[in-house]
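Listed below are the residues making up each chain.
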Amino acid sequence: MSDNQQIAQDVIRAIGGKENIASFAHCATRLRIMVNDKDKIDQKQVENIDKVKGAFFNSGQYQIIFGTGTVNRIFEEVEKLGIEGSSKEDVKSQGKKEGNAFQRAIRTFGDVFVPIIPVLVATGLFMGLRGLLTQNEILSLFGATPEDISPNFLLFTQILTDTAFAFLPALVAWSAFRVFGGSPVLGIVLGLMLVNPALPNAYAVADGSAQPLHMFGFIPVVGYQGSVLPAFFVGLIGAKFEKLLRRRVPEALDLILTPFITLTVMITLGLFAIGPVFHSLEEWVLHGTTAVLGLPFGIAGIIIGFFHQIIVVTGVHHIFNFLEIQLLEKTGFNPFNAIITCAMAAQGAACLAVGLKTKNTKLKALALPSSFSAFLGITEPAIFGVNLRYMKPFIMGLVGGAVGGFIASLFHLQGTGMAVTVIPGTLLYLNSQLPLYILSNVVAMGIAFALTWFFGYKDQPVAEEVPSNAGDESKTEVLSQKSNSSASQAVNHRTKVDMLEIASPITGTAVALEQVPDPAFSEKHMGEGIAIEPSEGKVFAPFDGVIAHVMNKSKHAVILEHETGVQMLVHIGINTVGLKGEGFTAYVNSGDTVTAGQLLIEFDMEAIQAAGLPLITPVLIPNGNESIEQVMPTMTGPVQANGEALIVVKFTEPQ
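Residues numbered from 1 in each chain as written. Predicted model: local features only at pLDDT ≥ 70, side-chain atom pairs only at ≥ 80, totals over all residues. Heavy atoms only, no water.

If you tally the helices and strands in the chain, you get 23 helices and 20 strands. Within the chain, buried positions represent 50% of all 655 residues. Contacts in the chain between residues far apart in sequence, at least 24 positions, make up 72% of those at least 6 positions apart. Surface accessibility of the chain: about 29,400 Å² in total, with carbon and sulfur atoms responsible for 61%. (Helix = DSSP H or I, 4+ residues; strand = E, 2+ residues; numbered from the N terminus. Buried < 20%, exposed > 50% of the residue type's maximum accessible area, 1.4 Å probe, protein only. Contact = heavy atoms within 4.5 Å. Areas by Shrake-Rupley, 256 points an atom, 1.4 Å probe, with all protein chains shown as cover.)

Okay, here's the thing in structure tokens:
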């Protein structure tokens, strides 16, 4: 039995067997599985499977990260076990509609491009290889000059580098038909019709050597070589139109009429309506993208390098595939690649800093492989498994990405392809830019690593036993007063406790965390706890402690740390960071010492509701504290701030 066969069997076993699989598909890096019962999944068993780089719920799917190439082989082995794969559209339709309409649309848009990315990766590598072989420095090693290169060789390399983009509409239309439930072969034919040699070539029209046809005297008609949006919308509308016809055309005539009518109607719309409209839109998008990338003084690199991985977390980063394809098709180069590579390398370096600094063996075993995975271009294990869990490493990674992106943008680095980054991405810079590509990534990694090491991660210390002079304290032992010189150093005059009871920080109604309309909380990626529907817009400290962090600008979240090392996150509402602090008043700053019952934040409930945002407030104990054995919500229903215990934290040993 091959390794991949064994892995496929282990995956099926760990997620509860074949009967627990509603449907499954895969994208470029991960298996996407809809399960019938989440409780049957053995998360630890999944994470211990060979080649698994991470696993979590997102967008209603259980996603197991294997990485590019590997996931295809695992998917094939799972199919051989008698489980029929589904399209990602089928998988999504069986899950909850996570995210807003824009997020769902972008994810679907990205699904169309996933199957064609390998072709574009290969094309980019061909471009890089051709650039390497035609450099004067390389040719001089063989005593040759550019004039000595055979025209036939150049023609051969042109076939390798130009074909995918010349027939790109056929690839896009085929994939769109597949995603939206049509017959993919009709998509291929429609896409080929859009680039039929009988039409004026788009490249020739662009350089002025050919003129578009004018139908009815005012509709310009050209071929759509290299275009994306016309083919995408022809595929989307065509697939839905075909499905509509199949429901109405008699079965006896379906084989003849459905493809005939579909092709006739859609190529007419494609050439005379969809093509001209969306080709113009495509040009505007390209001009906007190049304008941003052309901002002076490396500004584009700072912006994109900082925000790219935040967008990855939201799940709408697939839109960048379209932008990169457009850049490559129109200019032959991809300046976006170098910037996002720095962003990814920085997250890997931040994760590496955590792995090297921590003394926790479990965290070290997770962080070190995850950082290596990021250096190979797969950042999800580092982001979701480590950096976001502790938040500060993620932020330090964003800073490193911004600095690296600044350098990449300042030196106008441009890759010859897309979808390969960091270490594999060097193949896209096999020219004079390679040293600068390495420099920008090393700087991004160095900044992120140093910031995380010194400021972004503090390993949880083991509490020291100190004789108490306070007598018999309650189970919620209070934090000793902090010294004026450092808010993080406490005078530990206390007894050890084996559990900690935490009261509610807000007055309202306690509900299960699963009711929060955000999978980061409801699926407990960030930690265990409970949620509160507030009836009063005030957050109080439920115990004496130190403010580990407060969102200074948005003021929508605060982390309070107890003397035992337990931290509690209060996140007021969902997506309230977008309010940029409007309606919020914070009375504390990071590092402040607070006492139980002290007012921390006030928030305007009506303002949040007027913005259309949920008021439900997660209150949880973040993951990562190895001294915690169990976090147990104790009640639901009406709760009073600083009233009865809302959460009980049980320790592995007295703290």
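A surface patch of nonpolar side chains, amounting to about 620 Å² of accessible area, comprises Val292, Leu295, Phe297, Ile299, Ile302, Ile303 and Phe307. The element contributing the most residues to the nonpolar patch is helix H14 (residues 299-314), with 4 residues. Its location among the elements puts Phe297 in the loop between helix H13 (251-293) and H14. (Patch = residues over 30% accessible without salt bridge, like charges linked within 9 Å, V, L, I, M, F, W, Y side chains within 5 Å. Salt bridge = Lys/Arg side-chain N within 4 Å of Asp/Glu carboxyl O.)

Let's shift gears to the side chain of Ser554. Tracing the backbone shows Ser554 in the loop between strand E11 (545-550) and strand E12 (557-561). What makes Ser554 buried here is its relative accessible area of 5%. Of note is the side chain of Ser554, whose polar atom sits 2.6 Å from the side chain of His556. Each residue touching Ser554, except ones within four places of it in the same chain, is listed here: Val577, Lys580, Gly581 and Phe584. (Polar contact = N/O pair within 3.5 Å; in protein donor to acceptor, adjacent residues only side chain to side chain.)

Before going further, it helps to examine the pairing of strand E9 (residues 527-534). Counting buried positions along E9 yields 6 of 8 residues, so the element is predominantly enclosed. Where E9 lies against strand E17 (residues 617-622), 6 bridges are found, and the strand directions are antiparallel. Within the sheet, the bridge partner assigned to Gly529 lies in E17 and is Leu620. (Pairing = 2+ DSSP bridges.)

This next bit is on unusual backbone geometry. Although it is not a glycine, Phe297 sits at a positive phi angle of roughly 60°. Phi angles above zero are rare outside glycine, and Val422 is one such case at about 50°. When you line up the elements, Val422 lands in helix H20 (residues 422-425). Residue Val422 is classed as buried on the basis of its relative accessible area of 5%.

Among the 11 residues in helix H18 (residues 380-390), 9 count as buried, and that is most of the element. Regarding H18, the residues found buried are Glu380, Pro381, Ala382, Ile383, Gly385, Val386, Asn387, Leu388 and Tyr390. Of the residues trailing H18, Met391 is marked for its positive phi of about 65°.

Soluble globular proteins tend to pack their nonpolar side chains together in the buried interior. By size, the foremost hydrophobic cluster in this structure holds 63 residues, and its most contacted members are Phe113, Leu168, Val172 and Ile325. Apart from residues lying up to four places away in sequence, Leu168 is in contact with Ile116, Leu120, Gly226, Ser227, Val228 and Ile325. One finds Val566, Leu600, Met605 and Val649 within the second-largest nonpolar core, a separate group that totals 38 residues. (Core = buried A, V, L, I, M, F, W, Y, C linked by side-chain atoms within 4.5 Å.)

Within the structure shown, the criterion is met by 10 aromatic pairs. Ring centres of Phe233 and Phe278 lie 4.0 Å apart, and the angle between their planes is 15°; on these two criteria the pair is classed as stacked. Of this pair, Phe233 sits in helix H12 (residues 229-248) while Phe278 sits in helix H13, and the two are 45 residues apart along the sequence. Where Tyr429 meets Tyr437, the ring centres are 4.2 Å apart and the plane angle is 20°; that geometry is what we call stacked. A single burial state applies to Tyr429 and to Tyr437, both of which are buried. A network of ring pairs unites the aromatic residues Phe180, Phe232, Phe233 and Phe278 as a single cluster. Over the aromatic face of Trp174 sits the side chain of Arg178, whose NZ or CZ is 5.9 Å from the ring centroid. The ring of Trp453 has Lys357 sitting right over it, with the charged end atom 5.9 Å from the ring centre. (Phe/Tyr/Trp six-rings, centres within 6.5 Å; stacked < 30°, edge-to-face > 60°. Lys NZ or Arg CZ within 6 Å of the ring centre and 35° of its normal.)

With antiparallel pairing, the 3 strands of this open sheet are ordered in space as E7-E20-E18. The open sheet terminates on both sides in strands that have one partner only, identified here as strand E7 (499-503) and strand E18 (628-633). Each adjacent strand pair in this sheet contributes to an overall mean axis angle of 15°, direction not counted. (Axes fitted to C-alpha atoms, helices over the stretch in contact; angles between N-to-C directions.)

Take helix H21 (residues 434-456) next. Helix length check: H21 (23 residues) gives 30 Å between terminal C-alpha atoms against 33 Å at 1.5 Å per residue, within 8%. Those residues of H21 that sit buried are Tyr437, Ser440, Asn441, Ala444, Ala448, Thr452 and Gly456. In this structure, the buried side of H21 is in contact with helix H16 (335-357), helix H19 (392-410) and H20. (Expected span 1.5 Å × (residues − 1).)

Evaluated as defined, the whole model comprises 8 salt bridges. Of the charged contacts in the structure, one is a salt bridge between Lys80 and Glu77, with a shortest N-O distance of 3.5 Å. Here Lys80 pairs with Glu77, and both are found in helix H3 (residues 70-80), just 3 residues apart, close to one helical turn. Here Lys80 falls in the exposed class, since its relative accessible area comes to 61%. Overlapping salt bridges bring together Glu242, Arg246 and Asp254 as one network.

What follows covers the confidence of the model for the chain. Detailed reading of predicted coordinates is not advised where the pLDDT is low. Put simply, the chain has an average pLDDT of 84, and 89% of its residues get 70 or more. Contacts from residues 87-97, a stretch scored under 50 in pLDDT, to residues over four places away or in other chains number 27 contacts. Contacts for the low-pLDDT stretch residues 461-493, under 50 throughout, to residues beyond four places or in other chains number 49 contacts. (pLDDT = per-residue confidence, 0-100.)

Considering the arrangement of structural elements, one finds Gly82 in the loop between H3 and helix H4 (88-94). The class of Gly82 is exposed, set by a relative accessible area of 67%. The spacing of Gly82 and Lys18 is 64 residues in sequence and 8.8 Å in space, taken between C-alpha atoms.

Time to look at the environment of Glu137. With respect to the helices, strands and loops of the structure, Glu137 is situated in helix H7 (residues 136-141). Each C-alpha atom, one on Glu137 and one on Asn431, is 9.7 Å from the other, the two residues being 294 residues apart in sequence.

Quick look at the sheet that holds strand E14 (residues 584-586) now. The strand order across the open sheet formed by 3 strands is E10-E16-E14, and the pairing between neighbours is antiparallel. Among the strands making up the open sheet, the edge pair consists of strand E10 (538-540) and E14. Ignoring which end each strand starts from, the neighbouring axes of this sheet average 15° apart. For E14 and strand E16 (residues 599-603), the ladder comprises 3 bridges, and the chain directions are antiparallel.

Attention shifts here to the pairing of strand E2 (residues 30-35). For E2, the buried fraction is high: 6 of the 6 residues fall into the buried class. Of the two faces of E2, the one holding Arg30, Arg32 and Met34 and the one holding Leu31, Ile33 and Val35 are both buried throughout. With 5 bridges joining them, strand E1 (residues 21-26) and E2 adopt antiparallel strand pairing. Residue pairing for E2: Phe24 is matched across the bridge by Ile33. Of the strand pairs in this sheet, E2 and strand E4 (residues 61-65) are connected by 4 bridges, and their pairing is antiparallel. Bridge pairing in E4 links Arg30 to Ile65.

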